[in-house]
Structure formats: C-alpha cells, structure tokens
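# Examination of the molecular architecture
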Amino acid sequence: IGRTATATFPLGVDASAPVSSVRPSGAVVVRDGVLYAASNLTFAIAATDGPAETGSGVQVRFYALDGTGLNAKGFPTIAFGDLFPIGGLASGLHVVTHAAVDQLGFAEDPVATRIFVDDQPPTPITVTGFGRWAAGGPGILYGAPTATFAASAQDAGSGVATVQVQIGDGPLVPYAVPLTFPDPGAHALLVQATDLVGNSGQAAFTILTDVTPPVSQ
C-alpha cells in the first residue's frame, strides 16, 4: 500500500556505575567517617544508579565484612539480599566493603565503610574535688564545707552524651555545675553517664564533709 510509520523512542545512555552505601536500621552517630551504632542495629546495602532516564538500574549489591568475602582484587563477593541484613556484629570496629553493579555490567569501585558497634557504657565515671578535700578509699571523698566536687565520664566509643547526678534520695538531674556539701556528715552521690548511642553506666560515691579539726595528744 505504500504507507509508512515512524516512532520516536527515548534513548538513555548509561555510562556510569551505581553508587552504594550502608544504611543502618536506626540512628547512628557519625564522627571522623565512622558510624557508631548500638549493638541491636542491623545494616543494609543500598544502591542507586543515576537518573531514571539514563541509569539502567541496579542489578546486584555485593559486600564483604572485615575482609571476609573479598576476592584477590579486593572486590566484595557476597551478594546482599534485603531479607538478610548484616547484624549480630560484635563490639568494636568493623569494616564493610561494598559495591554495586548495574544492568549493563558497570561496577562501582569498592567502598569501605567503618562501623563501630558500641555496647559499653561510659567508663570511667569519676568525681574530683576542688579546694580543701582529700581522697579516701574507693568511692570515698573527704571535704571541708567549702569544697566543691565535679563529676565527669569518659567513653571510648560513641562519646558521652549526658552526665546526671543524684544526691541522697533526691531526683536524678543533669549535672551542670560543681557540687557542694556544706552540711557535716556523709552524703550519698550517684553519677550516671549515658553515651551517644544510649548505653548508660552508674557509679556511687560517698562525700564526707568534715568540720572537726584534729586533736593532738
């Protein structure tokens, strides 16, 4: 009949590899390129492949954990599936090496993401005196009525988020300024520190306010 028809189809040229990342199941703290996470979190390997009009789409995501699963060229070989997130990591530093491959076979250069699993509370928790004071036995401090005492904590993992104190039977309140114990006698002091991923620890102290001068014989 001699009739012809034409059609126009959009053509997307995919010349780039996808980009992968580690996606935690909950909140983490990122410091100096390290993801600090609580021990109950799991991790997924996510990936994207450029704009929808040009990217062919992600075909597969690979990972290796602490070197296990890397081939001789340093490329991860464990295929990641959404039904089996990475979890159950022991306390301490881990390295997840990940990469993605798109539908055309373009492979991402492997990326190493460092994860620090923090399941330890802040330690040590300390109380230090200023002015006229002296250290006694473990957890015992002596002070004059004018002495002041400061509470502090350290954390080798995610870092200290809060320090709280409780004096006697009083409420647990945020620590803000040095503490004073002007009344004579023994005073119970509880210090609680919490790190940035929610681990908490406590330490108990006794402050003995001494108003009696020594007697020579």
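The text that follows walks through the structure, step by step, so that each part is easy to find.

Cut-offs used in this document
Residues numbered from 1 in each chain as written. Predicted model: local features only at pLDDT ≥ 70, side-chain atom pairs only at ≥ 80, totals over all residues. Heavy atoms only, no water. Helix = DSSP H or I, 4+ residues; strand = E, 2+ residues; numbered from the N terminus. Rg over C-alpha atoms; globule rule 2.2 N^0.38 Å. Buried < 20%, exposed > 50% of the residue type's maximum accessible area, 1.4 Å probe, protein only. Pairing = 2+ DSSP bridges. Salt bridge = Lys/Arg side-chain N within 4 Å of Asp/Glu carboxyl O. Phe/Tyr/Trp six-rings, centres within 6.5 Å; stacked < 30°, edge-to-face > 60°. Polar contact = N/O pair within 3.5 Å; in protein donor to acceptor, adjacent residues only side chain to side chain. Contact = heavy atoms within 4.5 Å. Core = buried A, V, L, I, M, F, W, Y, C linked by side-chain atoms within 4.5 Å.

Before going further, it helps to spend a moment on the overall build of the chain. Summing up its helical and strand segments, the chain has zero helices and 17 strands in all. For 217 residues, the compact-globule estimate of 2.2 N^0.38 gives 17 Å, and the chain exceeds it by more than 25% at 29 Å. If you line up the chain on its principal axes, its C-alpha atoms span 130 × 40 × 25 Å. Relative to its 217 residues, the chain shows a buried fraction of 35%.

Let's shift gears to the pairing of strand β11 (residues 140-143). Side chains Leu141 and Gly143 project from β11 onto a buried face, and the interleaved Ile140 and Tyr142 project onto a face without burial. Pairing analysis gives three bridges linking strand β10 (residues 133-135) to β11, with the strands arranged antiparallel. In the strand pairing of β11, Ala134 is matched with Tyr142. Where β10 hands over to β11, the hairpin turn is made up of four residues, of which Gly139 adopts a positive phi near 75 degrees. As paired elements, β11 and strand β17 (residues 200-209) share four bridges and run parallel to each other.

With antiparallel pairing, the three strands of this open sheet are ordered in space as β9-β12-β15. Among the strands making up the open sheet, the edge pair consists of β9 (125-130) and β15 (179-180). Where strand β12 (residues 148-153) meets β15, two bridges bridge the pair, whose relative direction is antiparallel. Paired with Thr148 across the bridge in β15 is Thr180.

Here the focus is the pattern of salt bridges. Pairing between side chains of opposite charge can happen when their charged atoms approach one another. Tallied over the entire structure, the rule returns one salt bridge. The partner of Asp82 in a salt bridge is Arg61, with the nearest N and O atoms 3.2 Å apart. Linking Asp82 in the loop between β6 (78-79) and β7 (92-102) with Arg61 in strand β5 (residues 58-65), this pair joins segments that are 21 residues apart in sequence.

Taken as a whole and assessed by the stated rule, the structure comprises four aromatic pairs. A ring pair is formed by Phe149 and Phe181, whose centres lie 5.9 Å apart and whose planes are at 65 degrees; its orientation type is edge-to-face. Here Phe149, found in strand β12, pairs with Phe181, found in the loop between β15 and β16 (185-195); they are 32 residues apart in sequence, far enough to count as distant. Classification of Phe149 as buried rests on a relative accessible area of 1%. Taking relative accessible area as the criterion, Phe181 reaches 4% and is therefore assigned buried.

Let us now look at the sheet that holds β7. Taken together, the six strands give an open sheet; going across it, the order is β2-β3-β8-β7-β5-β6, and neighbouring strands pair in mixed fashion. Since the sheet does not close on itself, it has two edges, and those belong to β2 (29-31) and β6, each with one partner. For β5 and β6, the ladder comprises two bridges, and the chain directions are antiparallel. Counterpart to Phe62 in the pairing with β6 is Ala79.

Secondary-structure assignment places His187 in strand β16. For His187, a relative accessible area of 16% puts it in the buried group. Only 2.7 Å separates the side chain of His187 from the backbone oxygen of Asp183, close enough to count as a polar contact. In this structure the side chain of His187 is engaged in a polar contact, spanning 3.5 Å, whose partner is the side chain of Thr209. Apart from residues no more than four positions distant in its own chain, His187 is found in contact with Phe181, Phe205, Thr206, Ile207 and Thr209.

Bringing the nonpolar core into the picture now. Val127, Leu189 and Val191 are the most contacted members of the largest nonpolar core, which totals 19 residues. Counting only elements with at least two residues in this core, the list comes to β9, β12, β13 (160-167), β16 and β17. When residues in this core are grouped by element, the largest group, four residues, is from β12. The residues touching Leu189, leaving out its near neighbours within four places in the chain, are Val127, Val165, Gln166, Ile167, Leu179, Phe181, Ala203, Ala204, Phe205 and Ile207. Judged by nonpolar contacts, the second largest core, of 13 residues, contains Ala37, Leu41, Ile45 and Phe80.

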